[in-house]
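Residue-level listing of the chains:
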Amino acid sequence: MSEAQRSAQSIFAPAQGLANDWLEFFNARAVQPAAAAATEDDVRGPGQLDNSLHSVLTITTMTLATSGAKGAAMVTLLLVAMTVVCVPGAQPRSFTQTEIAQLDRFVMEVMRCARIPALSLSLVSDDDVVYEKGYGTANPTTRTPTTKDTVFCLGSFTQSFTSVLLADLLSRNENKTFETPLRDIMGSRIHLPGHYRADLVNLKDILSMRTGLSNMDIIATAVGVNRYRLMEQNLRFAPEVTSFRESYVFNEILFSLVEEAARALGGNTWYRLLRQHVFNRLGMENVAFVHMDAKENNKLASPVHSLNGKPVQVPMDAYKGQELVAAASSVCASASDMTRWMQFILSGGKKDDSQAKYSLTKDPEHFAGHLAPRDASTTRREEIMRVRRLQVMRRDVLQNTFQPVQPRPRGSTRLTGFSQPDIQVSYTRESNRYAFVSQEGSLPGYESLITLLVDRKAGVFTAFTGDGGARAYAAKTLINTFALDMLLQGNPWVDSTSVCHVMDTMTDMTRRSEPHPTRVSAMSEPIRPLEDYEGTYRHYGYGDVFIRRNGSELHLEYGELGRYILTPSSRNDTFIIQANSGPLWYTTNADEYRSKGPYLAFFDNRYNDPERRPETVTIPFFSSDIAPVFSKHPVRPVESEQEDVECDACANFISVPLILTAAMSTMVVSLRNHCTYDDLKKAADSILSKTKYRPKIGIICGSGLGHLGELVEDRIAIPYKDIPIFPISTVPGHEGKLIIGTLEGKAVVLMQGRSHTYEGYPTQKIAVPVRTMKLMGVEILFVTNAAGGINPGYAVGDLMIIKDHINIAGFAGINPLIGPNDDRFGVRFPPMSNAYDIELRNLAKKLGKEMGFESFLREGVYSMLVGPNFETVSECLLLRKLGSDATGMSTVPEVLTAKHAGMRVFGMSLITNKVVSEYDSEVMASHEEVLETGKKRSEDLQALVSAMVKNLKV
Ligand SMILES: O=P(O)(O)O[C@@H]1C[C@H](O)[C@@H](CO)O1
Ligand SMILES: Nc1nc2[nH]cnc2c(=O)[nH]1
């Protein structure tokens, strides 16, 4: 037994008072520390540790304050970021014997403190293997020592493999990218909740976890749901945590869709494609899948958890349910495999082929495109040497998987790197010195972490068996940190004498940052007879749970695997959940899970009446974000129907029914109505290419008011039908031309006519011309319209400067800003309190006065209804009560879009008619009257707008 093992044992046993079972694991370890022992000088003392540790912990504390449930992961990442950057100008290199001994000692100490039975480590630098090693006992039954070829299941790390596979498949497919809507890849309907998601969701959204849908992974582990049922029935009821693409929401169940996409792209199952395209190509020989062939793999390290302080083997059946989330979490691999992976990533798609024995004659494909041009002097050996580093995947293809979803705002103190992680290896951060890539994974009984310093071509991989949770995070982080510091010849700030203490501190901090468990204690008697709780409770997303009495016990059954006992607690109608048997024991029984507090089931009835039987049961541990409520009388959630009609965003004309249900205010709109930034930019550039002018002023002319366009000099006119993304005006009085030229010497772009929601355009489409103007460089927008006068003091022919608006249509869910927000246009939640620019309003009043318009120039509030009908009398009276002076059917969507995009807005209504506000009146509003008035007064309106343009300082 080595010195390190002896000290591990002596400290371990008495201090922790642990069961012998754990010691057995250590006794059986096959660690062979290097011959040379480390000198004291190699190891930093506690004094040095304090400063570094202090700064790390300070940052950690700050992170925890803002991070919430994902605190542990962030601690991990920050610690690595903090420590690996503190090595100035170090060079990667191989280890001396002394360093190997130092590293071994460190690892073994971590294993001792974190009670890790088996661990594998691999380090690479400059494409070379620096160190690969197994520690401890891989299989307690056979006492097999851990080696570099021992297989560990990697959990979420699988997502990195999946991303690279997809990058490769997409690169072979001309028309598809990570941003192609999934339905265009899979050719089938995708059922997801909320407007737009099903239409728009793409691989990037799922891989970077920004669909906003709650994680329902429990379905995969407990219910016999097959993929078809999941996709057809359950996913459409996944609870929404945030809006689509709003922020990072952990979700692995949607990887079932990714698997289907891989199948559609590659014509084979995901795992076969993965073997073929990734593992075989890289020579990752030991790979297995946790739910399929891992249990037959004799190199597999046995998964171990602790229960009441004793190590217990996790039954392989527990991983059966991983099938549904396989693409997110099912790959198992050895340290030697992961060395190859790290070399592949760090070298930009190459594989170290130096050990391979290929024959030029027998394996010509292997050398295709890699051989040096041959001349008489080239020997066969030289030719072969050229392919020592074989490019197995194109660099640009691989790089696709590293594209951030959204760039981190400059100078931002928000940890957007975490909440909007990069697509592939998840967490890329530009540290002071190195681009840093890291991904960790966990499954019951297994932990892993890979950390790559891309610029330094250095990487470390650690995997082990044992408990998960805060201590495991600390353990793997510290090992990777220490190894990288050593690799880069830095002075590790933690060493084997201090690491256990540091790990304790980190563990405590992480645990403290987690939500406090509800305090309840077990009771022998519930407040009501057990029969009262019995029944089938349903959730449309999660499926059914069955509550049955079994003798004196209450049981909860969920799917194939979920068998739980419900123990009454000190809180009324609240039960403590514990798995009683079977492979799911670890979900509620294992020490690490229990340390987070008891798992509870809350029964309730809708009247909150203790006299009535419970009708619902809420089970928080089924989800990490929204606790699902199962009900005896469930109400089927209203689904947002997806539009069947293919109505492409950039099609000329879109007829989309707007169905407003009074109860839900649900608008049925296809997200394809959104033009992307690139579509709009293309349109803007194409318009600008037709004119020498670069207008900063945009003007939209309302019904019958387009004659202003005739005052524009040196103009070109582009019919909307020639701008593919523009909606086309279909209403008399709206010409439908975009005019560019000068007005009063200023470059302007003028819309001779507009489109309206009532024409059948989704309101997002109305935003298109405004956003196009924005991308052309427009800074100030003039909007004019014809409106009905509500204010009794107004007369037909009055001009009303718009002071503010009331978005009546918005009350019913019609707003052009609904849908995913593209930050390049504006913020998600734009203020609207200053919609109509005060300076421009004052300028209009001043000029109006000078022009002698005072007697018919007003200032008031415009309200927008969708139309196309004019108002009923009661509606007019209501609008008046709301504070509206005039009403119309346009303008507001344009103003919202312009303000969202940071433009200044001036609005003016021509009062073309007076609304009918008496029940017995025989007067009727008509479009003819509107146009007629327009003719009479439009010259004044034109004069005022022209004068304003003249006076603007742009
Ligand atoms: O485009 P605007 O708002 O000027 O047109 C108004 C509203 C209807 O389109 C039409 C009704 O006459 O005039
Ligand atoms: N809603 C509405 N729009 C108009 N556009 C012009 N006149 C009117 C009107 O009276 N009501």
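Figured I'd write up the structure that's included with this text. (Residues numbered from 1 in each chain as written. Chains lettered and ligands numbered in written order. Predicted model: local features only at pLDDT ≥ 70, side-chain atom pairs only at ≥ 80, totals over all residues. Heavy atoms only, no water.)

### Re the packing of helix 25 (residues 763-776) against helix 29 (residues 892-900)
Here is step 1: At a minimum axis distance of 9 Å, the contact between helix 25 and helix 29 shows a crossing angle of 55 degrees. One element, helix 25, and the other, helix 29, form an angle in the oblique class. Once helix 25 is placed against helix 29, the crossing between them reads as right-handed. Residues Thr763, Ile766, Ala767, Val770 and Arg771 of helix 25 form the contact with helix 29, whose participating residues are Pro893, Glu894, Thr897, Ala898 and His900. (Axes fitted to C-alpha atoms, helices over the stretch in contact; angles between N-to-C directions. Helix = DSSP H or I, 4+ residues; strand = E, 2+ residues; numbered from the N terminus. Parallel < 35°, antiparallel > 145°, perpendicular 65-115°, else oblique. Left-handed = near helix turned anticlockwise from the far one by under 90°. Contact = heavy atoms within 4.5 Å.)

### A look at the packing of helix 6 (residues 158-171) against helix 15 (residues 335-346)
Here is step 1: Contact pair helix 6 / helix 15: the axes reach a minimum separation of 13 Å and the direction vectors enclose 50 degrees. Classified by the angle their axes make, helix 6 and helix 15 are oblique. Crossing of helix 6 over helix 15 shows left-handed handedness. When helix 6 is examined against helix 15, the residues Ser160, Phe161 and Val164 are found in contact with a partner set consisting of Met338, Trp341 and Phe344.
Here is step 2: Looking at the contact of helix 6 with helix 15, its residues break down into five nonpolar, one polar and no charged. (Nonpolar A, V, L, I, M, F, W, Y, C, P; charged D, E, K, R; others polar.)

### Topic: the packing of aromatic side chains
Here is step 1: All told, the structure shown has 27 aromatic pairs when counted by the stated rule.
Here is step 2: With 3.8 Å between their ring centres and 5 degrees between their planes, phenylalanine 106 and phenylalanine 482 make a pair best called stacked. With phenylalanine 106 in helix 5 (residues 97-114) and phenylalanine 482 in helix 20 (residues 470-487), this pair connects stretches of sequence that are 376 residues apart.
Here is step 3: Taken together, the ring pairs in this structure connect Tyr542, Tyr558, Tyr564, Tyr599, Phe621, Phe622 and Phe630 into an aromatic cluster.
Here is step 4: A cation over an aromatic ring shows up here: arginine 824 above the ring of tyrosine 677, its NZ or CZ 4.2 Å from the ring centre.
Here is step 5: The side chain of arginine 937 reaches across the aromatic face of phenylalanine 856, ending 3.7 Å from its centre. (Phe/Tyr/Trp six-rings, centres within 6.5 Å; stacked < 30°, edge-to-face > 60°. Lys NZ or Arg CZ within 6 Å of the ring centre and 35° of its normal.)

### Details of the nonpolar core
Here is step 1: Counting 117 residues, the largest nonpolar core has Phe161, Met338 and Trp341 as the members making the most contacts within it.
Here is step 2: Among all residues touching methionine 338, those that are not within four sequence positions of it are Leu154, Phe157, Phe161, Met284, Ala333, Ile450 and Phe461.
Here is step 3: Grouped together as the second largest cluster of nonpolar side chains are 49 residues, Leu680, Val768, Ile802 and Tyr862 included. (Core = buried A, V, L, I, M, F, W, Y, C linked by side-chain atoms within 4.5 Å. Buried < 20%, exposed > 50% of the residue type's maximum accessible area, 1.4 Å probe, protein only.)

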